[in-house]
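Chain by chain, the residues run as shown.
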There are 2 protein chains.
Amino acid sequence: MGEAGLEGADLELAVGGRRLRFPAVWLRDNCPCAGCVAPGTGQKLKDITDIPNGLAITLTEDTGQSVALTFAPDQHRSVFTRSWLAGHALDGYGGGDGRTEDDKQLWVPAELAEIPRMSWPRYLAEGRAQALEAVLRLGFVLLHDVPAEPGMVLEVAASFGFVRETNYGRLFDVRVEPQPGNLAFTSRAIRPHTDNPYRDPVPTVQLLHCLRAAGDGGCTGLVDGFAAAAAFRATDAGSFGTLARTPIPFGYIDKETELRASVPLIQLSPRGRVRGVRFNNRSARPLRLPYDEVTAFYAAYRRWAGLLARPERQLSLRLAQGDCLIFDNTRVLHARTAFGLTAGSPGRHLQGCYADLDGLASTLAVLRRPEEP
Amino acid sequence: MGEAGLEGADLELAVGGRRLRFPAVWLRDNCPCAGCVAPGTGQKLKDITDIPNGLAITLTEDTGQSVALTFAPDQHRSVFTRSWLAGHALDGYGGGDGRTEDDKQLWVPAELAEIPRMSWPRYLAEGRAQALEAVLRLGFVLLHDVPAEPGMVLEVAASFGFVRETNYGRLFDVRVEPQPGNLAFTSRAIRPHTDNPYRDPVPTVQLLHCLRAAGDGGCTGLVDGFAAAAAFRATDAGSFGTLARTPIPFGYIDKETELRASVPLIQLSPRGRVRGVRFNNRSARPLRLPYDEVTAFYAAYRRWAGLLARPERQLSLRLAQGDCLIFDNTRVLHARTAFGLTAGSPGRHLQGCYADLDGLASTLAVLRRPEEP
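Residues numbered from 1 in each chain as written. Chains lettered and ligands numbered in written order. Predicted model: local features only at pLDDT ≥ 70, side-chain atom pairs only at ≥ 80, totals over all residues. Heavy atoms only, no water.

*Asks:* Mind showing me how you'd approach the overall build of chain A here?
*Replies:* When you go through chain A residue by residue, the secondary structure sums to eight helices and 20 strands. Seen along its three principal axes, the alpha-carbon backbone of chain A occupies a region of about 85 × 60 × 45 Å. With 373 residues in all, chain A has 57% of them scored as buried. Intrachain contacts of chain A at a sequence separation of at least 6 include 74% that bridge at least 24 residues. When the accessible surface of chain A is summed, it comes to about 15,000 Å², and 51% of that surface belongs to carbon and sulfur atoms. Where the 42 positive side-chain charges of chain A centre and where its 42 negative ones centre are 6 Å apart. (Helix = DSSP H or I, 4+ residues; strand = E, 2+ residues; numbered from the N terminus. Buried < 20%, exposed > 50% of the residue type's maximum accessible area, 1.4 Å probe, protein only. Contact = heavy atoms within 4.5 Å. Areas by Shrake-Rupley, 256 points an atom, 1.4 Å probe, with all protein chains shown as cover. Lys, Arg positive; Asp, Glu negative; His and termini not counted. Charge placed at Lys NZ, Arg CZ, Asp CG, Glu CD.)

*Asks:* For this particular structure, what's the right way to read helix α6 (residues 237-245) of chain A?
*Replies:* An α-helical turn contains 3.6 residues, so a residue and the one three or four places further along point in the same direction. For α6 of chain A, every residue scored as buried is listed here: S239, F240, G241, T242, L243 and A244 of chain A. Looking at the buried side of α6 of chain A, the elements it contacts are α5 (225-235), β15 (266-268), β16 (274-277) and α7 (291-308) of chain A.

*Asks:* I would appreciate a short explanation of the side chain of Q351 of chain B in the present structure.
*Replies:* Residue and element names in this part refer to chain B. By the secondary structure assignment, Q351 is in strand β20 (residues 349-355). A polar contact is formed between the side chain of Q351 and the side chain of D173, at a distance of 2.9 Å. Residues within four places of Q351 in sequence aside, it is in contact with E149, P150, G151, V153, L171, F172, D173, L207, L208, H209 and L211. (Polar contact = N/O pair within 3.5 Å; in protein donor to acceptor, adjacent residues only side chain to side chain.)

*Asks:* Would you mind going over the interface of chain A and chain B with me for this structure?
*Replies:* Reports often express the size of an interface as the amount of accessible area lost when the parts come together. With 99 residues of chain A in contact, the opposing surface of chain B contributes 99 residues. When chain A packs against chain B, close to 8,600 Å² is buried across both sides, 49% of that on carbon and sulfur atoms. By the criterion of area lost to chain B, the three top residues of chain A are R288, Y291 and R302 of chain A, representing 9% of everything that side buries. The interface formed by chain A and chain B holds 10 salt bridges in total. For the salt bridge of R191 of chain A with D50 of chain B, the shortest nitrogen-to-oxygen distance reads 2.2 Å. The tally of links between chain A and chain B comes to 57 residue pairs in polar contact (both at pLDDT 80 or more). The set of elements that each furnish at least two residues to the side of chain A that touches chain B consists of β3 (18-23), α1 (24-29), α2 (82-87), α6, β13 (248-254), β14 (257-263), α7 and α8 (357-367) of chain A. Among the elements that line the side of chain A that touches chain B, the one with the most residues is α7 of chain A, at nine residues. Of the residues that constitute the side of chain A that touches chain B, the class distribution is 40 nonpolar, 26 polar and 33 charged. (Buried area = accessible area lost by both parts, 1.4 Å probe. Salt bridge = Lys/Arg side-chain N within 4 Å of Asp/Glu carboxyl O. Nonpolar A, V, L, I, M, F, W, Y, C, P; charged D, E, K, R; others polar.)

*Asks:* Help me understand the packing of aromatic side chains in this model?
*Replies:* The geometry of two aromatic rings is summed up by the distance between their centres and the angle between their planes. Residues and elements named next belong to chain A. Evaluation of the coordinates by the stated rule reveals 28 aromatic pairs over all chains. The structure contains a cluster of three or more aromatic residues connected by ring pairs, namely Y168, F172, Y198, Y252 and Y354. Directly above the ring of F71 sits R28, whose terminal nitrogen or CZ lies 5.1 Å from the centroid. (Phe/Tyr/Trp six-rings, centres within 6.5 Å; stacked < 30°, edge-to-face > 60°. Lys NZ or Arg CZ within 6 Å of the ring centre and 35° of its normal.)

*Asks:* I tried to follow the packing of α5 of chain A against α7 of chain A on my own but got confused; where do I start?
*Replies:* Geometrically, a packed helix pair is captured by the angle between its two axes and the distance between the axes. All names here are of chain A. At a closest axis distance of 10 Å, the pairing of α5 and α7 adopts a crossing angle of 125°. Overall, the two elements α5 and α7 adopt an arrangement that is oblique. For α5 against α7, the interelement crossing comes out right-handed. Contacts between α5 and α7 involve G225, A228, A229 and F232 on the former and, on the latter, A300, R303, W304, L307 and L308. (Axes fitted to C-alpha atoms, helices over the stretch in contact; angles between N-to-C directions. Parallel < 35°, antiparallel > 145°, perpendicular 65-115°, else oblique. Left-handed = near helix turned anticlockwise from the far one by under 90°.)

*Asks:* Teacher, can you tell me more about the relation of the copies chain A and chain B here?
*Replies:* Both copies of the chain are related by a screw-like operation: a rotation about an axis and a shift along it. By a simple turn and slide, chain A fits onto chain B: the slide is 0.0 Å along the axis, the RMSD is 0.0 Å, and the turn is 180°. The transformation relating the two chain copies, once decomposed into turn and shift, fits a two-fold axis. A symmetric contact is evident, with 100% of the interface residues of chain A recurring at the interface of chain B. (Least-squares fit on C-alpha atoms with pLDDT ≥ 70 in both.)

*Asks:* Would you mind showing me how to read the environment of P247 of chain B here?
*Replies:* Residue position: P247 of chain B is located in the loop between α6 (237-245) and β13 (248-254). Each C-alpha atom, one on P247 of chain B and one on A189 of chain B, is 27 Å from the other, the two residues being 58 residues apart in sequence. Those residues in contact with P247 of chain B that sit more than four places away from it in its chain are P270 and R271 of chain A together with S262, V263, P264 and L287 of chain B.

*Asks:* Could you clarify how one ought to interpret the sheet that holds strand β11 (residues 205-212) of chain A in this entry?
*Replies:* Strand-to-strand pairing in sheets goes through backbone hydrogen bonds, with the strands running parallel or antiparallel. Residue and element names in this part refer to chain A. Here six strands make up an open sheet; going across it, the order is β7-β8-β18-β11-β20-β9 and the pairing mixed. Only two strands of the sheet have a single neighbouring strand rather than two, namely β7 (117-119) and β9 (172-174). Averaged over neighbouring strand pairs, the angle between their axes works out to 25° when direction is ignored. In the sheet, β7 pairs with strand β8 (residues 140-144) via three bridges, with the strands oriented parallel. Residue pairing in the sheet places R117 in a bridge with L142 of β8. (Pairing = 2+ DSSP bridges.)

*Asks:* Can you help me understand unusual backbone geometry in this one?
*Replies:* For residues besides glycine, phi is generally negative; the peptide bonds are generally trans as well. Residue and element names in this part refer to chain A. Note that the residue after A72, namely P73, is joined by a cis bond; omega there is 5°. If you trace the backbone, P73 turns up in the loop between β5 (66-72) and β6 (76-81). Unusually for a residue other than glycine, N196 sits at a positive phi of about 55°. Within the secondary structure layout, N196 lies in the loop between β10 (190-193) and β11. A residue is classified by how much of its surface remains accessible, and N196, at 3% relative accessible area, is buried.

*Asks:* Which parts of the structure should I look at to understand the sheet that holds strand β17 (residues 314-317) of chain B?
*Replies:* Residues and elements named next belong to chain B. In space, the four strands of this open sheet follow the order β10-β19-β12-β17, with antiparallel pairing throughout. Edge positions in the open sheet fall to β10 (190-193) and β17, since each of these has one partner strand only. Going across the sheet, the axis of each strand differs from the next one's by a mean of 20°, ignoring polarity. In the sheet, strand β12 (residues 220-224) pairs with strand β19 (residues 332-336) via five bridges, with the strands oriented antiparallel. Looking at the pairing, L222 lines up with H334 of β19. The strands that helix α5 (residues 225-235) touches are β12 and β19; relative to β12, the one it contacts most, it runs at about 45°.

*Asks:* Even after reading the chapter, I still don't get the pairing of β19 of chain B, so can you show me in this structure?
*Replies:* For a regular strand, side-chain orientation follows a simple rule: the groups alternate between the two sheet faces. All names here are of chain B. The element β19 is largely enclosed, with a buried count of five among its five residues. The alternating pattern of β19 places V332, H334 and R336 on one face and L333 and A335 on the opposite face, and all of these are buried. Sheet topology note: the β10/β19 ladder contains two bridges and is antiparallel. Across the sheet, I190 pairs through a bridge with R336, a residue of β19.

*Asks:* I'm lost on the packing of α6 of chain A against α7 of chain A in this one. Help?
*Replies:* Residues and elements named next belong to chain A. Here α6 crosses α7 at 110°, and the two axes come no closer than 9 Å. One element, α6, and the other, α7, form an angle in the roughly perpendicular class. Packed against α6, whose contacting residues are S239, T242 and L243, the element α7 presents A296, F297, A300, Y301, R303 and W304 at the interface. Grouping the amino acids of the contact of α6 with α7 by side-chain chemistry returns six nonpolar, two polar and one charged.

*Asks:* What am I meant to see in the environment of Q75 of chain A here?
*Replies:* All names here are of chain A. One can find Q75 in the loop between β5 and β6. Under the relative-accessibility criterion, Q75 is labelled exposed at 55%. When the C-alpha atoms of Q75 and I57 are compared, they prove to be 9.1 Å apart, with 18 residues separating the residues in sequence.

*Asks:* Looking at this model, I keep getting lost on the pattern of salt bridges. Mind explaining?
*Replies:* Proximity of charged atoms lets side chains of opposite charge pair with each other. The full count for this structure, using the stated rule, is 40 salt bridges over all chains. Its salt-bridge partner being R99 of chain A, residue D200 of chain B comes within 3.5 Å of it at the nearest N-O pair. Here R99 of chain A lies in the loop between α2 and β7 and D200 of chain B lies in the loop between β10 and β11 (205-212), a pairing that spans two chains. Each of the two residues, D200 of chain B as well as R99 of chain A, counts as buried. Salt bridges linked by common partners bring D97, R99 and R275 of chain A together with D200 of chain B together as one network.

Take a look at the structure:
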């Protein structure tokens, strides 16, 4: 149906040399009139069950800029601009949320032209959008000259989103403790991992703020898990598939807490694209599958772990006092080297907290809105 | 390998008439010795890459109660009890996290022998585990006689977990507003839906606390989305599959916020079991897929919406002053009927907040621990 007066279940329209086609139900569900969409919020006022069956459209007017349609059987009238229709053509996959590998810049350290870094004063003054964009695109940003004051990490989180409180508190101290409830609170080396794999929903953003650097050791390493997963799929698609299909039980127990989550090490979108990685052998609980699946899983797991451990995949940073790392905990693995403890010296002290990517992306989207005239 | 002294890559063992078989790498990864597991935390000290290749086991001792193994090539020694091995036999799928349809009691209202209800004093004194268990098993619990004081909903959330702060605040007021930023803040009827589909991670628990009941109307409805999904799969597997495979763009925009998430209406575990539902046409954004996929999606979507809207699936509750509903926002859809506004009357007023299922399940697990002697 492309000429005024014709009736059909589809709208067919020429826009700038392209031939576009839209089903009546899609058009009706997206009708922008004030009876269908609440002014101000953009929320739809109609449920899908409010739309009559057996819709047909009559194109009642075509101004060139916009088309007016009347729907049978209820004579509802809608007006769509051609530019909006052209921007929503049904000829591909749009409307994603930026969370899969397809919307990221994958990296190994050698390919990173520079490390995304910014001073806290610049972040506050003008750089916030650029820094948040780095977290979404590369998976991390390093802020420096953040005042090395206890609790400051919460202020950094509040600058882009909402703190996710957990059993570790709103914030947690990463330093050597006499009776550590977690290996993080020792001076041991910790290899690349993601945090809190025993939580669902997992915290999707992590912040680590250095209040006092290690005198010796305690370097931070970052690995792009999405880049690693893409490389793994390219070289060993069978093992990649095994990991994506196998939920792994993770757990954490202390006196007040008993968490468990069962999630694959590589999480795919329904279209098969990488959307998340979890990797943390410390918190893995015994896998209980039929014998053959266990042996297949371990073979794949060891290959994946070997790939993630390759030195050329790990970016090494030395957090100095006042540095605050913000990273995507669904994508970027973090690690640290062991550090020395000198009797009488106060030792390395970080404060960390968790937040979420959806709030971060929202803040970025608002910052990027065109200024109102 | 079942006799002491024999060597192999597997352990084979007879336990209570069953023949069990464990691969060496699985045993080594689960070695409970103090060198492999941190005392106290139960966290593993070894990464998977610390385990040597080409493992073989020698069964060096079998006391009947336990077996001692020595691993080649590094002579590591592990002791496992027979009861632990029997409890972790590799002959099926164990170690889930309770979040799929398989670990739920699915319901339609006619099958619910009684509505899970409990008074706030009883909840505080002795009933907490029973109430939280209802949220995990049935998807909701109704607490009554919760003091009808502003902010009390945060205290209810803190009794089992952590508040998930969002752009709506730590808590939000559900009442008629002069310039509503959301349809929730009007007197309109709202059909069954889940909250915040435009958020990833979505808040997995919602609380609604009634400070003042509606004089007229404003009834709350609940629908078990997992039961509906199971019924949908049984009657229309093709449409079910279409919904599970198709990410739907959801969005929310206001002056300070711009959220989007692209997630299927029915979310499956990697093993194909229902693990989440999202349903909220108000916040759905234009679907952009190739034409044929759009028409297939809408056909499936309308069937699914029709099934969810069936009156026999909806449990009707009338929230009285002091009632607080706690429900699983990944499973249970909630609705309300329109309510009257009498000039001069103060009108219906709820306070709500979000929290998460992992914290709730942790609290329940701790409550159920056997008391220490």
